[in-house]
Amino acid sequence: MKQRLVMASALLHHPRILVVDEPMVGLDPRGARLVKDIFKDLASKGVTIFMSTHTLEIVEQMCTRVAIINRGDIIAEGSVEDLGRIARMPTSHLEPIFLRLTGGDEASS
C-alpha cells in the first residue's frame, strides 16, 4: 500500500518527467501490472520516465532506451537491440548482454 500511495502522489500533478527507483518492489503481480500499464500510458502521452532497476525483464518489457551503468559510468546505451549489437549478441535477452558488457559473464566460466 505504501508503494501505491507514493506512486499516486508522484502522478497527482501530471508530471512531464518521472524518475522512479525500483518501482515494482513490494508490489504484488496485480499492482506491478497496474504500474506497468500506467507507465505505458504516460509514455504514450509524451511523459519521460527514468527508471532505475535491477530487474532486467522489466527493462525489456517497458523501456525503449536503456543505459547500462558499471562502476558509476554509462558503458552502453540505446535500445535493447542496440545493446545486443554492441555486445555482439544480437538475438539475446538483456541479462546475457548486461553480463557480457559488465564482465559479469566471467564469473560463470
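For the structure itself, look to the data block above.
Residues numbered from 1 in each chain as written. Predicted model: local features only at pLDDT ≥ 70, side-chain atom pairs only at ≥ 80, totals over all residues. Heavy atoms only, no water.

Undergrad: Even after reading the chapter, I still don't get the overall build of the protein, so can you show me in this structure?
TA: From N to C terminus, the protein includes 5 helices and 4 strands. Listing every helix and strand of the protein by position from the N terminus yields α-β-α-β-α-β-β-α-α. On the principal axes, the C-alpha backbone points of the protein span a range of 45 × 25 × 25 Å. Taken across its 109 residues, the protein has 32% of its residues classed as buried. (Helix = DSSP H or I, 4+ residues; strand = E, 2+ residues; numbered from the N terminus. Buried < 20%, exposed > 50% of the residue type's maximum accessible area, 1.4 Å probe, protein only.)

Undergrad: Before we go on, may I ask you to explain the nonpolar core in this structure?
TA: In summary, soluble globular proteins display a tendency toward joint burial of nonpolar side chains. Counting 14 residues, the largest nonpolar core has Leu18, Met24, Val35, Phe39, Leu42 and Met51 as the members making the most contacts within it. When contributions to this core are tallied by element, the ones reaching two or more residues are α1 (2–11), β1 (17–21), α2 (29–44) and α3 (56–62). Sorting elements by how many residues they give to this core places α2 first, with 4 residues. For Leu18, the residues in contact, after removing those within four places along its chain, are Ala10, Leu11, Phe39, Leu42, Thr48, Ile49 and Phe50. (Core = buried A, V, L, I, M, F, W, Y, C linked by side-chain atoms within 4.5 Å. Contact = heavy atoms within 4.5 Å.)

Undergrad: Just checking my understanding: could you explain the pairing of strand β3 (residues 66–70) for this structure?
TA: It is a general feature of regular strands that their side chains alternate between the two faces of the sheet. Here 5 bridges tie β3 to strand β4 (residues 73–78), and the two strands are oriented antiparallel to one another. Bridge assignment links Val66 to a residue of β4, and that residue is Gly78. The turn joining β3 and β4, which pair antiparallel and follow one another in sequence, is formed by 2 residues; a positive phi near 55 degrees is taken by Arg71. (Pairing = 2+ DSSP bridges.)

Undergrad: Please explain the pattern of salt bridges as it appears in this structure.
TA: Pairing is possible between side chains that carry opposite charge, provided their charged atoms lie close to one another. Evaluated as defined, the whole model comprises 3 salt bridges. Note that Lys45 is salt-bridged to Asp41, the shortest N-O span being 3.1 Å. Among the ionic pairs, Arg65 bridges to Glu77, the shortest N-O distance being 3.6 Å. Separated by 12 residues along the polypeptide, Arg65 in the loop between α3 and β3 and Glu77 in strand β4 bring together distant segments of the chain. Residue classification places Arg65 among the exposed residues on the basis of a relative accessible area of 55%. The exposure class of Glu77 is partly exposed, given its relative accessible area of 47%. (Salt bridge = Lys/Arg side-chain N within 4 Å of Asp/Glu carboxyl O.)

Function cannot be inferred from these measures alone, as they are strictly geometric.
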